[in-house]
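Residues per chain are reported as follows:
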Amino acid sequence: MTGSRRFGSKEDYYRWNDEMVRRYAPAKFYQSAFVRVVEGVRFRHIVGNIHRYCNGGTILEIGCGPGFMVRQAQASGIFGRCVGLDISLPSLNNAWGLVPEATFIAGDGEAIPLKASSVQAVCITEVIEHVPDPLAVLREAVRVLAPGGVLIVTIHVAAHELYRREGLDLVL
């Protein structure tokens, strides 16, 4: 899926993302007790699965939003360093306040500002279906992933249906 399918340019994508952050206020979304419970279970499950294959080192979340997954990774005590990457400064401002001991980077998943083979785990959760070029993001995730590292990607069930209808293969 390329940017031309959904967005005319990278700037269009950034504007769309900014509008979604303003409209849906992800940090406020997590204030709901129900959402905190459901997402907490999901995040613990993801961190637990990463831990099955990776013990320590650095974890990177691409599209970290307001930082709730990074907070779960940090609280687990498994990782020496937790890093979140997002293009939304309002979301990152929330993340910096939520998990001050983590590292948060303003940036794009298509050009991750980290060295090759520098992280032991990469998590892309409920994000890949929103980016203009999912394959570019996955290539970058693999580039920064250390040999033997763990990559976990999750998508929303509605996105799976959309990809299927468009004839896109989700298994890479």
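In this text, all values refer to a predicted model and were calculated from it rather than measured experimentally.

Chemist: How do you make sense of the pattern of salt bridges when you look at a structure like this?
Modeler: Pairing is possible between side chains that carry opposite charge, provided their charged atoms lie close to one another. Counted under the stated rule, the structure contains six salt bridges. When the shortest N-O distance is used, the salt bridge between D108 and K10 registers 3.0 Å. Taken as a pair, D108 in the loop between β3 (103-106) and β4 (119-125) and K10 in helix α2 (residues 10-24) lie far apart in primary sequence, 98 residues in all. A residue is classified by how much of its surface remains accessible, and K10, at 28% relative accessible area, is partly exposed.

Chemist: Mind showing me how you'd approach a nonpolar patch on the surface here?
Modeler: A contiguous nonpolar patch, built from V142, L151 and V153 and spanning about 210 Å² of accessible area, is present on the exposed surface. The topology assignment puts L151 in strand β5 (residues 145-154).

Chemist: I keep staring at unusual backbone geometry and nothing clicks. Help me out?
Modeler: Peptide bonds are mostly trans, and most non-glycine residues show a negative phi. With a phi close to 55 degrees, S117 is a non-glycine residue in the positive phi region. Following the sequence through the fold, S117 ends up in the loop between β3 and β4. For E126, which is not a glycine, the phi torsion comes out positive at approximately 60 degrees. Relative to the helices and strands, E126 is located in the loop between β4 and α7 (134-144).

Chemist: I would appreciate a short explanation of the sheet that holds β5 in the present structure.
Modeler: Picture the strands of a sheet paired through backbone hydrogen bonds; they go either parallel or antiparallel. Overall, parallel pairing links the five strands, which are arranged β3-β2-β1-β4-β5 in an open sheet. Among the strands making up the open sheet, the edge pair consists of β3 and β5. Taking the axes of each pair of neighbouring strands and ignoring which way they run, one obtains an average angle of 20 degrees across the sheet. Sitting on the sheet, helix α6 (residues 89-98) is in contact with β2 (81-86) and β3, with an inclination near 170 degrees to β3. Contacting β1 (58-62), β4 and β5, α7 crosses the sheet at an angle of about 145 degrees to β5.

Chemist: Looking at this structure, how should I read the environment of G107?
Modeler: Along the polypeptide, G107 turns up in the loop between β3 and β4. It is 6.0 Å that separates the C-alpha atoms of G107 and L85, two residues lying 22 residues apart in sequence. Every residue in contact with G107, bar those within four places of it in the chain, is listed here: L85, D86 and I87.

Quick notes on the rules
- Residues numbered from 1 in each chain as written.
- Predicted model: local features only at pLDDT ≥ 70, side-chain atom pairs only at ≥ 80, totals over all residues.
- Heavy atoms only, no water.
- Salt bridge = Lys/Arg side-chain N within 4 Å of Asp/Glu carboxyl O.
- Helix = DSSP H or I, 4+ residues; strand = E, 2+ residues; numbered from the N terminus.
- Buried < 20%, exposed > 50% of the residue type's maximum accessible area, 1.4 Å probe, protein only.
- Patch = residues over 30% accessible without salt bridge, like charges linked within 9 Å, V, L, I, M, F, W, Y side chains within 5 Å.
- Areas by Shrake-Rupley, 256 points an atom, 1.4 Å probe, with all protein chains shown as cover.
- Pairing = 2+ DSSP bridges.
- Axes fitted to C-alpha atoms, helices over the stretch in contact; angles between N-to-C directions.
- Contact = heavy atoms within 4.5 Å.

By themselves, these figures tell us nothing about what the structure is for.
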